[in-house]
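# Working through the structure, step by step
The primary structure of each chain is shown beneath.
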Amino acid sequence: MAEKKVPYQVGGRQFEGMIVYDDAVTGKRPIVFMQPDWKGVCPDTIGQARAVAGRDYVVLMADMFGAGYGAKQKTVDDLRAGMLAVHKDLPFTLSCGAAAYDALLSEVQKLGVADTGRKAAIGYCAGGGYALEQARAGADFEALVVFHVTNPNPVVAGTPCNIKGRVLAIHGRVDPVTPKPMMDALEEELSKAKVDWQVMMFGPPAVHSFCDPTAKGPATQYDEKLCRKSYMLMRDFFAESL
């Protein structure tokens, strides 16, 4: 697997996304723009990107927290503060997400490994919330998949829902971080906007972060079987949508 760092700037700050793809594959593959969780671009989330990419996709990983953030030692409080700083600043979420997308797309076009006419997006936890905000603002994703999304509802109440593509949310029924009423509100929003949406709700014991191999706790818990099933659902969804 190949990993290529891609720098970009937002408001004078330095950011560094990453392109992940199987360089042994010769054919062009669809693009999957990825918003990782609150750990940012780090070995853990790069591992998720590699799993998603496989032989089928070229993954473009966004950096929303600044170059070098993923390498820093952080407490849970640090991670929460970093995540909320982005989440609560919708203009920044949109501008940084767009800058990441544009920079990564430009670089992957130079590599010649991607079919840039087929574009999807994914988001894990907080990254799912960021990806949804980008999609609401009209980002050209033909399909969007969010895994155990954090903050699925608009940070600014009444934000127009201009989602262009299909949406699949894969979630845990007893997720204490994003409980079902928040997912119900997302379903209502998508329905009112006439978005083609699906929600796959895993029953107990599925909680938060079941696709994060580092998650070990009562509220956040990795589940190998559910993660494998989630990626199968994602691939089927992309096969139908792209």
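Residues numbered from 1 in each chain as written. Predicted model: local features only at pLDDT ≥ 70, side-chain atom pairs only at ≥ 80, totals over all residues. Heavy atoms only, no water.

## Things to note about the pattern of salt bridges
Side chains that differ in sign of charge can pair as their charged atoms come close. Tallied over the full model, the rule gives 16 salt bridges. Across the pair Arg55 and Asp22 runs a salt bridge whose closest N-O atoms are separated by 3.8 Å. Highlighted residues: Arg55 in the loop between helix H1 (43–53) and strand S4 (58–61) and Asp22 in the loop between strand S2 (13–21) and strand S3 (29–35), separated in sequence by 33 residues. Its relative accessible area of 54% is what places Arg55 among the exposed residues. Since its relative accessible area comes to 11%, Asp22 is described here as buried. Notably, a salt bridge pairs Asp115 with Arg118, separated by 2.8 Å at the nearest N-O pair. Residue Arg118 is classed as partly exposed on the basis of its relative accessible area of 31%. Members of the salt-bridge network, linked through shared partners, are Lys4, Glu107 and Lys110. (Salt bridge = Lys/Arg side-chain N within 4 Å of Asp/Glu carboxyl O. Helix = DSSP H or I, 4+ residues; strand = E, 2+ residues; numbered from the N terminus. Buried < 20%, exposed > 50% of the residue type's maximum accessible area, 1.4 Å probe, protein only.)

## Things to note about the pairing of S2
Taken residue by residue, a regular strand's side chains alternate between the two faces of the sheet. With nine bridges joining them, strand S1 (residues 2–10) and S2 adopt antiparallel strand pairing. Looking at S2, one finds that Pro7 is bridged to Glu16. From the end of S1 to the start of S2, which pair antiparallel, there are two residues, and Gly11 there has a positive phi angle of about 60°. Sheet topology note: the S2/S4 ladder contains three bridges and is antiparallel. The residue bridging Met18 from the neighbouring strand is Met61, located in S4. (Pairing = 2+ DSSP bridges.)

## A word on the sheet that holds S4
Spatial strand order, S1-S2-S4-S3-S5-S6-S7-S8: eight strands in an open sheet with mixed pairing. Every interior strand has two partners, whereas the edge strands, S1 and strand S8 (197–202), have only one. Direction aside, the axes of adjacent strands within the sheet are offset by 20° on average. Sheet topology places S3 next to strand S5 (residues 114–124); seven bridges connect them, and they run parallel. Bridged to Phe33 within S5 is Ala121. Contacting strand S7 (166–172) and S8, helix H5 (residues 180–192) runs over the sheet at an angle of about 165° to S8. On the sheet, helix H6 (residues 224–241) packs against S3, S5, strand S6 (143–147), S7 and S8 and is oriented at approximately 170° with respect to S6. (Axes fitted to C-alpha atoms, helices over the stretch in contact; angles between N-to-C directions. Contact = heavy atoms within 4.5 Å.)

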